[in-house]
Amino acid sequence: MAGDFCVHMDHNMETGVTPSEVKKLPKHLREAQSSTDRTHLIADSLKKPRQRYVQKDGKCNVHHGNVQETYRYLSDLFTTVVDLRWRLSFFMFTLVYVLNWLFFGLLWWLIALIRGDLWHLNEEGWTPCVENLNGFVSAFLFSIETETTIGYGYRVITEKCPEGIILLLAQAILGSIINAMMVGCMFVKISQPKNRAETLMFSNKAVISVRDSKLCLMFRVGDLRNSHIVEASIRAKLIRSEQTKEGEFIPLNQTDINIGFDTGDDRLFLVSPLIISHEINEKSPFWEMSQAQMEKEEFEVVVILEGMVEATGMTCQARSSYLDSEVLWGYRFTPVLSLEKGFYEVDYNNFHNIYETNTPSCSAKELAAKQRDSQQPSHIPPPSSKPRPHALDPSEQEKTQGNTNNGSANTQEQSP
């Protein structure tokens, strides 16, 4: 029977205590607890380290190489600039402005050179294009003053220089465009919602235990800020390499893990930490995995929390992942919410804490089969030993009826 495959965990798992409470236990339970911890440490050390697909902080561990069509990045220049690192953004920000000032400073110097203003410095009766412009350095300073609208009043353009007036208009328009682009890029980069994801927490471990007589995969999420995430929703993916029946190998295949999409439980009201539960049923990729099989599997569970920032209205996404070694069988999360006088208090010191609990080591499929077998009746009641009356023939019915009539007649004769 399926129940034969279900082996319960040891007595130290039935105690359900946290590591901080081990000292309060009797001696034999403390020894059992420590031996169990050593067993887990040995098993974790023997298991070879695996490469993550998504880091714990949400960064995807994927690098794009041999990209030949690099012109595609220039087609979306704004996004390319926003995605740059901060040191490259500051470098590009400074470089764009300096090159722009140098370019227009060179043009102002060429106008002065072509008009002969540099050869008639301080000459009476000569009207230069730009007063007090006597070299390239002064032309560069005039370019900065023009674009930044500083206006010191020492170098000014005269009305007898039409080419200078046209250049002034061109520099003012181009400078406004550059200001809009660079300030816009810096503003978007500063206000990126990925910084909001820094205050969204995921538990370090995921656990598997029984909830309402069903095996469930669970992890915990929380928000440290008082401003909430609006329209928060969560989803999960199983990342595992698979091979099809035809022999095709699919590396890092992605499979959906249902954490309440059909019931609406994936939409969260994230005011206090919540335990997200995935019921391991027939549609779950863990349906036929027992504890022993899961320890041999290599997989990664990626969880994605999305929502809008209440303060800015921008969409925010936080990610994390759990390797197969970080999914612990037979554990539950320690409660973090307590009722105080007039409010609820969340203790984030226990956010990542878990404790052992009694959990069958068989797969969810075998557990469901065992539960079905236990609900069926153990024996069928035997048939009744009382003989059933049989039907009489027509001749026997007439004879019986005649004897009954004769007996009633004799009774009437004797009665007077």
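Residues numbered from 1 in each chain as written. Predicted model: local features only at pLDDT ≥ 70, side-chain atom pairs only at ≥ 80, totals over all residues. Heavy atoms only, no water.

*Asks:* Summarise the packing of helix 6 (residues 136–148) against helix 7 (residues 162–190); cite the residues concerned and give the values.
*Replies:* Their axes nearest at 9 Å, the elements helix 6 and helix 7 cross at an angle of 60°. Taken together, the axes of helix 6 and helix 7 lie oblique to each other. Between helix 6 and helix 7 lies a crossing of right-handed hand. Residue-level contacts link Ser143, Thr146 and Glu147 of helix 6 to Leu168, Gln171 and Gly175 of helix 7. Of the residues contributing to the contact of helix 6 with helix 7, the split by class is one nonpolar, four polar and one charged. (Axes fitted to C-alpha atoms, helices over the stretch in contact; angles between N-to-C directions. Helix = DSSP H or I, 4+ residues; strand = E, 2+ residues; numbered from the N terminus. Parallel < 35°, antiparallel > 145°, perpendicular 65-115°, else oblique. Left-handed = near helix turned anticlockwise from the far one by under 90°. Contact = heavy atoms within 4.5 Å. Nonpolar A, V, L, I, M, F, W, Y, C, P; charged D, E, K, R; others polar.)

*Asks:* Help me get a handle on the layout of surface pockets, residues and values and all.
*Replies:* Here the largest pocket defines a volume of roughly 1400 Å³. In this structure, the largest pocket is lined by 33 residues; those nearest its centre are Gly58, Lys59, Cys60, Lys194 and Arg319. Those elements that place two or more of their residues in the lining of the largest pocket are helix 5 (86–115), strand 1 (200–202) and strand 9 (315–323). A total of five residues in the lining of the largest pocket trace back to one element, the largest contributor, which is strand 9. Formed jointly, the lining of the largest pocket draws a minimum of three residues from each of two domains, domain 1 (71–191) and domain 2 (196–368). (1 Å grid on protein atoms, 1.4 Å probe; cavity = no way out; pocket = protein on both sides within 12 Å on 5 of 7 lines; lining within 4 Å. Points joined across faces, edges and corners; volume = space filled by probe spheres on them. Domains from an automatic or database assignment.)

*Asks:* Quick rundown of the UniProt feature "transmembrane region" (unreviewed entry) in the chain? Include the residues and the values.
*Replies:* What UniProt calls "transmembrane region" (unreviewed entry) maps, in this numbering, to residues 90–111 and 165–188. With 100% helix and 0% strand, residues 90–111 has its two end C-alpha atoms placed 32 Å apart. For residues 165–188, the end-to-end C-alpha separation is 35 Å, with 100% helix and 0% strand making up the annotated structure. (UniProt positions renumbered as here; feature names shortened; annotations may be inferred.)

*Asks:* Hey, could you go over the environment of Ile208 for me, with residue numbers and the actual values?
*Replies:* Inspection of the secondary structure puts Ile208 in strand 2 (residues 206–211). What Ile208 contacts, discounting residues up to four positions off in sequence, is Leu215, Cys216, Leu217, Ile280, Met294, Val327, Leu328, Trp329, Gly330, Tyr331 and Thr359.

*Asks:* Could you give me a rundown of the pattern of salt bridges, with the residues and numbers involved?
*Replies:* Considering all chains together, one arrives at eleven salt bridges under this definition. Lys56 is the partner of Glu326 in a salt bridge, and the nearest nitrogen-oxygen pair spans 3.8 Å. One end of the pair, Glu326, is in the loop between strand 9 and strand 10 (327–329); the other, Lys56, is in the loop between helix 2 (27–46) and helix 3 (71–75), with 270 residues separating them in the sequence. Of the charged contacts in the structure, one is a salt bridge between Glu297 and Arg240, with a shortest N-O distance of 3.8 Å. (Salt bridge = Lys/Arg side-chain N within 4 Å of Asp/Glu carboxyl O.)

*Asks:* How would you sum up the packing of aromatic side chains? Please name residues and give values.
*Replies:* Inspection of every chain in the model, using the stated rule, returns nine aromatic pairs. Relative to Phe104, the ring of Phe103 has its centre 5.3 Å away and its plane inclined at 80°; by these criteria the two rings are edge-to-face. Residue classification places Phe104 among the buried positions, given a relative accessible area of 3%. With centroids separated by 5.0 Å and ring planes inclined at 85°, the aromatic side chains of Trp108 and Phe142 adopt a geometry described as edge-to-face. With Trp108 in helix 5 and Phe142 in helix 6, the pair connects residues that are 34 residues apart, well separated along the chain. A residue is classified by how much of its surface remains accessible, and Trp108, at 1% relative accessible area, is buried. On the basis of relative accessible area, Phe142 is assigned to the buried category, the value being 5%. (Phe/Tyr/Trp six-rings, centres within 6.5 Å; stacked < 30°, edge-to-face > 60°. Buried < 20%, exposed > 50% of the residue type's maximum accessible area, 1.4 Å probe, protein only.)

*Asks:* Tell me about helix 6, and please be specific about residues and values.
*Replies:* The end-to-end C-alpha distance of helix 6, which contains 13 residues, comes to 18 Å, matching closely the 18 Å that a straight helix rising 1.5 Å per residue would cover. Along helix 6, the residues classified as buried are Ser138, Ala139, Phe142, Ser143, Ile144, Glu145, Thr146 and Glu147. The inward-facing, buried residues of helix 6 contact helix 5 and helix 7. Looking one or two residues beyond helix 6, the residue adopting positive phi is Thr149, at roughly 55°. (Expected span 1.5 Å × (residues − 1).)

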